[in-house]
Amino acid sequence: MGDFFERAERLKKLPPYLFKAIDEKKAEVKAKGVDIIDLGVGDPDLPTPPHIVEEMKRAAEDPANHRYPSYSGMREFREVVAEWYEKRFGVSLDPDQEVVSLIGSKEGIAHFPLAFVNPGDVVLVPSPSYPVYHISTLFAGGRSYFMPLTEEKDFLPDLDALPADVLDKARVMFINYPNNPTSAVADLGFFERVVRFAKKHGIIVCHDAAYTEMAFDGYKPPSFLEVDGAKDVGIEFHSLSKTYNMTGWRIGFAVGNKEAVGALGAVKSNIDSGVFQAVQVAGIRALRGSQDCVEQMRRIYQERRDLMVAGLSEAGFDLRMPMATFYLWVKTPEGYSSAEITTRLLEEAGVVVTPGNGFGEPGEGYFRIALTQDKSRLAEAIERIKAMHL
Ligand SMILES: *Cc1c(COP(=O)(O)O)cnc(C)c1O
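Residues numbered from 1 in each chain as written. Predicted model: local features only at pLDDT ≥ 70, side-chain atom pairs only at ≥ 80, totals over all residues. Heavy atoms only, no water.

**Q** Can you walk me through the overall build of the protein in this structure?
**A** Broken down by element type, the protein carries 14 helices and 12 strands. Computed over C-alpha atoms, the radius of gyration of the protein comes to 21 Å, within 12% of the 21 Å expected from 2.2 N^0.38 for 390 residues, which places it in the range of a compact globule. With respect to the principal axes defined by its C-alpha atoms, the protein has extents near 60 × 55 × 55 Å. Expressed as a percentage of its 390 residues, the buried residues of the protein come to 55%. Counted over contacts in the protein with a minimum sequence separation of 6, partners at least 24 positions apart contribute 75%. On the protein, roughly 17,300 Å² of surface is accessible, and the fraction owed to carbon and sulfur atoms is 51%. (Helix = DSSP H or I, 4+ residues; strand = E, 2+ residues; numbered from the N terminus. Rg over C-alpha atoms; globule rule 2.2 N^0.38 Å. Buried < 20%, exposed > 50% of the residue type's maximum accessible area, 1.4 Å probe, protein only. Contact = heavy atoms within 4.5 Å. Areas by Shrake-Rupley, 256 points an atom, 1.4 Å probe, with all protein chains shown as cover.)

Printed below as a string of structure tokens:
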């Protein structure tokens, strides 16, 4: 068809898909009949807790839930989000103006720049990071300025290092703690610095808080909104995906500044028609019901983390013990690039991991392991890795 289906500039501008090589190699190794242990994708292997599934079944049978939902989410869902924020973080929210439901937090993150970024505006994007911050910036016609996350700075962006001319054009800043892919956490002191900085430079803060409930050893990651003044400058994205093993259900929410929430809602009301109400009813049950399932989820990942960190350390790898997320951010051995170690782990051990540079150039020299297999498979992965000669 020649140029008939020539893609729009925004698609042509997409960065190269750096996981393509590993995806192809994985298919190749699989075709040979190798028993692959996939520690690549950040998708929980555990099922959604049964009480949530039961609630969904009941709600799906109710015809009242079969019609278009409200754009901003059911009033009861927004109320329960506000209750949950109060209980978990001590943050008060107005369910009518400061909460909007999302079809997963990825949807909200992807649409947010459409609300505030004009062509040529700068968005501050951490690197390495979840790819959606940069892509949504591109789709809105904005330009990403990458803030490197390095081990020396505990994988926090160095706000003092951002050039003045960039700050003049910056409209939005994305941050994400506990962090994917580095598993780093941030304390309230960091969030306080971000709020001061955002006020000074007139930058809207978007905090992606997808992993606040996936933390270990009793650690409770804070909300960005706990800081005084945060609601004047920012919005926080949350998801039920990781907390309740609900990645396939597509439900999340954004909370915070009412102008930010309202503008995101205005974009959404012109693009999507909200979250299936039965899914919202199940979400209400998840947030309002017993949180024992969340504690159980933490225990499972903590055991996996302990097993895997110990095994990898014995195998000679250099990594930090994460306090949160189900990721390990591991240094490549001396002399290996991210791509090289990833390829060797796959070819020689049948273990799939993600090359760090796929999340941005400063991720080079690392690879990411997702703890999304049970302990026996993780132990098997360790045995195979130890048998390699790296
Ligand atoms: C998994 C994840 C999300 C959640 O995405 P959903 O669309 O809610 O499933 C958001 N941000 C990051 C960094 C993630 O890793």
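Moving on from the coordinates now.
**Q** Mind showing me how you'd approach the packing of helix H2 (residues 20–31) against helix H13 (residues 338–349) here?
**A** What describes two packed helices is the angle between their axes and the distance between those same axes. Relative orientation of the contacting elements H2 and H13 amounts to 10°, with a least axis distance of 10 Å. Considering their axes alone, H2 and H13 lie roughly parallel with respect to each other. On H13, the residues that touch Ile22, Lys25, Lys26 and Val29 of H2 are Thr342, Thr343, Leu346 and Glu347. Grouping the constituent residues of the contact of H2 with H13 by class yields three nonpolar, two polar and three charged. (Axes fitted to C-alpha atoms, helices over the stretch in contact; angles between N-to-C directions. Parallel < 35°, antiparallel > 145°, perpendicular 65-115°, else oblique. Nonpolar A, V, L, I, M, F, W, Y, C, P; charged D, E, K, R; others polar.)

**Q** Before we go on, may I ask you to explain the nonpolar core in this structure?
**A** For soluble globular proteins, the rule of thumb is that nonpolar side chains tend to be buried together. Ranked by internal contacts, the top residues of the largest apolar core, which has 101 residues, are Tyr85, Leu124, Phe224, Tyr244, Met308, Leu312 and Ile369. Summarising the domain contributions, this core has at least three residues from each of domain 1 (10–47 + 292–387) and domain 2 (50–288). With sequence-adjacent residues up to four places away left out, Leu312 is seen in contact with Phe317, Leu319, Leu328, Val330, Ile369, Ile382 and Ile385. Listed in part, the 21 residues of the second largest apolar core include Val100, Ile204, Val261 and Leu264. (Core = buried A, V, L, I, M, F, W, Y, C linked by side-chain atoms within 4.5 Å. Domains from an automatic or database assignment.)

**Q** I'm lost on the domain arrangement of the protein in this one. Help?
**A** Size of an interface: often given as the accessible area lost when the parts come together. The domain boundaries assigned to the protein delineate domain 1 (10–47 + 292–387) and domain 2 (50–288). Each of domain 1 and domain 2 has a C-alpha centre, and the two are 25 Å apart. With 34 residues of domain 1 at the interface, the matching set in domain 2 holds 33 residues. Approximately 3,100 Å² of surface area, both sides summed, lies buried where domain 1 meets domain 2, with 62% of it carried by carbon and sulfur atoms. Area buried by domain 1 at its contact with domain 2 is led by Arg320, Met323 and Thr325, which between them contribute 19% of it. Here domain 1 and domain 2 share five salt bridges between them. With a shortest N-O distance of 3.8 Å, Arg298 and Glu213 are connected by a salt bridge. When contributions to the side of domain 1 that touches domain 2 are tallied by element, the ones reaching two or more residues are helix H1 (9–12), helix H12 (292–314), strand E9 (327–331) and strand E12 (366–370). (Buried area = accessible area lost by both parts, 1.4 Å probe. Salt bridge = Lys/Arg side-chain N within 4 Å of Asp/Glu carboxyl O.)

**Q** So what exactly am I meant to see when it comes to helix H8 (residues 188–201) here?
**A** One full turn of an α-helix is made of 3.6 residues, so residues set three or four places apart face in the same direction. End to end, H8 covers 20 Å across 14 residues, agreeing with the expected 20 Å (1.5 Å per residue, within 8%). The complete set of buried residues in H8 reads Phe190, Phe191, Val194, Val195, Phe197 and Ala198. Buried-residue contacts for H8 involve strand E3 (122–127), helix H7 (164–169), strand E5 (170–176), strand E6 (204–208) and helix H9 (230–233). Taken from the residues just after H8, Gly202 is the one with a positive phi, measuring 65°. (Expected span 1.5 Å × (residues − 1).)

**Q** When you look at the sheet that holds E9 in this model, what are you seeing that I'm missing?
**A** Note on sheets: strands pair through backbone hydrogen bonds, and any given pair is parallel or antiparallel. Pairing is antiparallel in the open sheet, where three strands are placed in the order E9-E12-E11. With partners counted over all chains shown, the strands left at the sheet margins are E9 and strand E11 (354–355), one partner each. Of the strand pairs in this sheet, E9 and E12 are connected by five bridges, and their pairing is antiparallel. Counted as the bridge partner of Leu328 is Ile369 from E12. Contacts between H12 and the sheet are confined to E9 and E12, with E9 contributing the most and set at about 10° to the helix. (Pairing = 2+ DSSP bridges.)

**Q** What am I meant to see in the site of the ligand here?
**A** Residues in contact with the ligand amount to 14 residues; listed here are only the nearest, Asp208, Ser239, Ser241, Lys242 and Arg250. Contacts to the ligand include Asn180, whose side-chain N or O atom sits 2.9 Å from an oxygen atom. Within the side chain of Asp208, a nitrogen or oxygen atom sits 2.6 Å from a nitrogen atom of the ligand. Here the ligand has 390 Å² of accessible area as a free molecule, and 94% of this is covered by the chains. Broken down by class, the residue content of the shell around the ligand amounts to four nonpolar, six polar and four charged. (Near = heavy atom within 4 Å. Polar contact = N/O pair within 3.5 Å; in protein donor to acceptor, adjacent residues only side chain to side chain.)

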